[in-house]
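Inside the fold
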Amino acid sequence: MEAWLITLIVILCVIFTILFVKYYFVMKIKWDNSATCLVGKTVLITGSNIGIGYNTALDFAKRGARVILACRNQEKAEDARAKIVDATGNSNVVVKIVDLSSLNSIRKFTKEINETEERLDILVNNAGIGCNDHSYTVDGLSLTMQSNHFGPFLLTILLIDLLKKSSPSRIVTVSSDLAFIGKININDLNRPVGTIFAKALDYSNTKLCNLLFTTELAKKLDTTGVTANAVHPGAVQTDFLKQPKTFWLKMLKISMKLFYRTTEAGAQTSIYVSVSKDIEGITGSFYIDCKKTSMPRSAQNADLCRKLWEKSEEFVKLTAEEKQCFKH
Ligand SMILES: *[C@@H]1O[C@H](CO)[C@@H](O)[C@H](O)[C@H]1NC(C)=O
């Protein structure tokens, strides 16, 4: 056979394979199609100026909710707000500033929300950070652990009164299927792992904490009408590779564009678990692609979940008064 013909066949095979894989990945995405209306409801999404959080907020705004964009950066959040109002015609969208890497900021933020908002029907713990250097926050906690677990933990507890008042209400925490490779070192929660793969591992550990937290939270909220579930958004094209510098990072960016889902698609499981009437009353569960999935073993270990909760209370210095929300 002639060389050009072989080359052509090879190229066609490659293109066909890419299209097939892409089709397979896209087919797997389940889109939330519930018609739930959110007029009269208030929703709060952390990290909602961009990505999955933004698309979640946009969807809730379309459904008529009062939307609270809980973000760290005022300017970026205002931009997101303008875009959402413009796209949906719903002007009941507000920006509130909170920095999960500061316990002070969280306490100030939740105090204001608790005092000024009449209700809270849906809380989406969406904000989190990916790989980062092993640094510590102003509170002396590991930045990844605080941003992804200790911060959302405290924020949720301090909003429980309002969620209970608005019951039936829902708490949705964005975890990841990477939780399955995570490990909980209960006596050493605040220390980053510290090896070459540490950054990814630290992240997985925090995502596993989200699941243990969800299990224990659901248990504590039993009979209150407030549900707590966790979701995995899928492999999503995030913007962490804006300007890839090396060849391999460029390749990674191209393959992410090809195979990973858009942030709009990535928001679907968060939206489904937040609004779908099909799962009313379901709590303590983990959802992937809008389907209930088993939690990793450690997140089913009641003893470990309780211990993580108690340790987390210590790390965020939860006061006796703040613990009251689970009493009544
Ligand atoms: C929230 O506000 C209510 C009063 O509306 C108050 O009883 C409760 O203690 C507050 N909760 C927190 C965590 O500040």
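Up top is the structure.
What counts as what
- Residues numbered from 1 in each chain as written.
- Predicted model: local features only at pLDDT ≥ 70, side-chain atom pairs only at ≥ 80, totals over all residues.
- Heavy atoms only, no water.
- Near = heavy atom within 4 Å.
- Polar contact = N/O pair within 3.5 Å; in protein donor to acceptor, adjacent residues only side chain to side chain.
- Buried < 20%, exposed > 50% of the residue type's maximum accessible area, 1.4 Å probe, protein only.
- Helix = DSSP H or I, 4+ residues; strand = E, 2+ residues; numbered from the N terminus.
- Contact = heavy atoms within 4.5 Å.
- Core = buried A, V, L, I, M, F, W, Y, C linked by side-chain atoms within 4.5 Å.
- Pairing = 2+ DSSP bridges.
- Axes fitted to C-alpha atoms, helices over the stretch in contact; angles between N-to-C directions.
- Expected span 1.5 Å × (residues − 1).
- Arc of directions from axis to C-beta.
- Patch = residues over 30% accessible without salt bridge, like charges linked within 9 Å, V, L, I, M, F, W, Y side chains within 5 Å.
- Areas by Shrake-Rupley, 256 points an atom, 1.4 Å probe, with all protein chains shown as cover.
- Salt bridge = Lys/Arg side-chain N within 4 Å of Asp/Glu carboxyl O.
- Phe/Tyr/Trp six-rings, centres within 6.5 Å; stacked < 30°, edge-to-face > 60°.

**What to know about the site of the ligand**
All residues in the neighbourhood of the ligand are listed as N114, L158 and D161. Between the ligand and N114, the relevant distance is 2.4 Å, taken from an oxygen atom to a side-chain nitrogen or oxygen of the residue. A distance of 2.7 Å separates a nitrogen atom of the ligand from a polar side-chain atom of D161.

**Section: helix α9 (residues 268-275)**
Among the 8 residues of α9, 8 are classified as buried, and the element is accordingly described as predominantly covered. Residues of α9 that are buried in the fold lie against α2 (51-62), β4 (122-125), β5 (169-174), β6 (226-232), α8 (263-266) and β7 (286-288).

**Overview of the nonpolar core**
Residues L44 and I171 are the most contacted members of the largest nonpolar core, which totals 50 residues. Every element with two or more residues in this core is listed here: β2 (66-71), α4 (103-116), α5 (143-165), α6 (198-220), β6 and α10 (302-315). Aside from chain neighbours lying at most four places away, what touches L44 is I68, A70, F109, I113, L120, I122, L123, V124 and L159. Membership of the second largest hydrophobic core comes to 32 residues, among which are A61, A77, V172 and V236.

**As for the pairing of β5**
With respect to burial, β5 is a largely interior element, 6 of its 6 residues being buried. Every second residue of β5 is oriented toward a common face, with S169, I171 and T173 on one face and R170, V172 and V174 on the other, all of them buried. In terms of strand pairing, β4 meets β5 through 4 bridges, oriented parallel. Among the inter-strand pairings, V124 is bridged to a residue of β5, identified as V172. Two elements, β5 and β6, share 6 bridges in a ladder whose sense is parallel.

**So, the sheet that holds strand β3 (residues 93-97)**
In space, the 8 strands of this open sheet follow the order β3-β2-β1-β4-β5-β6-β7-β8, with mixed pairing throughout. The open sheet has two free edges, formed respectively by β3 and β8 (291-293), since each of these has just one partner strand. Averaged over all pairs of adjacent strands, the angle between their axes in this sheet comes to 25°, without regard to strand direction. The sheet contact formed by strand β1 (residues 42-46) and β4 spans 3 bridges and is parallel.

**Description of helix α3 (residues 74-88)**
Its 15 residues place the ends of α3 21 Å apart at the C-alpha level, agreeing with the 21 Å of an ideal helix rising 1.5 Å per residue. Restricting attention to buried positions, one finds in α3 the residues A77, A80 and I84. Projected down its long axis, α3 shows its buried positions confined to an angular sector of 60°, all on one face. Exposed side of α3, more than 90 degrees from the buried face: E75, D79 and D86 are the residues found there. Buried residues in α3 make contact with α2, β2 and β3. Capping the start of α3 is the job of one residue whose side-chain oxygen sits 3.0 Å from the backbone nitrogen of E75: N73. Downstream of α3 by one or two residues, G89 has phi in the positive range, about 75°.

**Considerations on a nonpolar patch on the surface**
Together, M1, I6, I9, V10, V14 and I18 make up a nonpolar patch on the protein surface, roughly 550 Å² of accessible area in all. Checked against the element boundaries, I6 lands in helix α1 (residues 3-28).

**Brief notes about unusual backbone geometry**
A cis amide bond links S167 with the next residue in sequence, P168, at an omega value of 5°. Inspection of the secondary structure puts P168 in the loop between α5 and β5. In the Ramachandran plot, D289 falls in the positive-phi region, its phi being about 50° despite a non-glycine side chain. Among the residues examined, D289 registers a relative accessible area of 11% and is labelled buried. Located in the positive-phi region is K317, a residue other than glycine, with phi close to 55°. With respect to the helices and strands, the residue K317 is situated in the loop between α10 and α11 (320-323).

**What to know about the packing of aromatic side chains**
Applying the stated criterion across every chain yields a total of 7 aromatic pairs. Ring centres of F213 and W309 lie 5.7 Å apart, and the angle between their planes is 20°; this geometry places the pair in the stacked category. Residue F213 is found in helix α6, and its partner W309 is found in helix α10; the two are separated by 96 residues along the sequence. We note that F213, like W309, is buried.

**Focus: the environment of N33**
Among the secondary structure elements, N33 is positioned in the loop between α1 and β1. Overall, N33 belongs to the exposed group, its relative accessible area being 71%. Residues N33 and S276, spaced 243 residues apart in sequence, show a C-alpha to C-alpha distance of 8.5 Å.

**Remarks on the environment of H232**
One can find H232 in strand β6. On the basis of relative accessibility, which here comes to 9%, the residue H232 falls in the buried class. Residues H232 and V95, spaced 137 residues apart in sequence, show a C-alpha to C-alpha distance of 25 Å. Apart from residues lying up to four places away in sequence, H232 is in contact with S175, S176, D177, T269, F286, Y287, I288 and D289.

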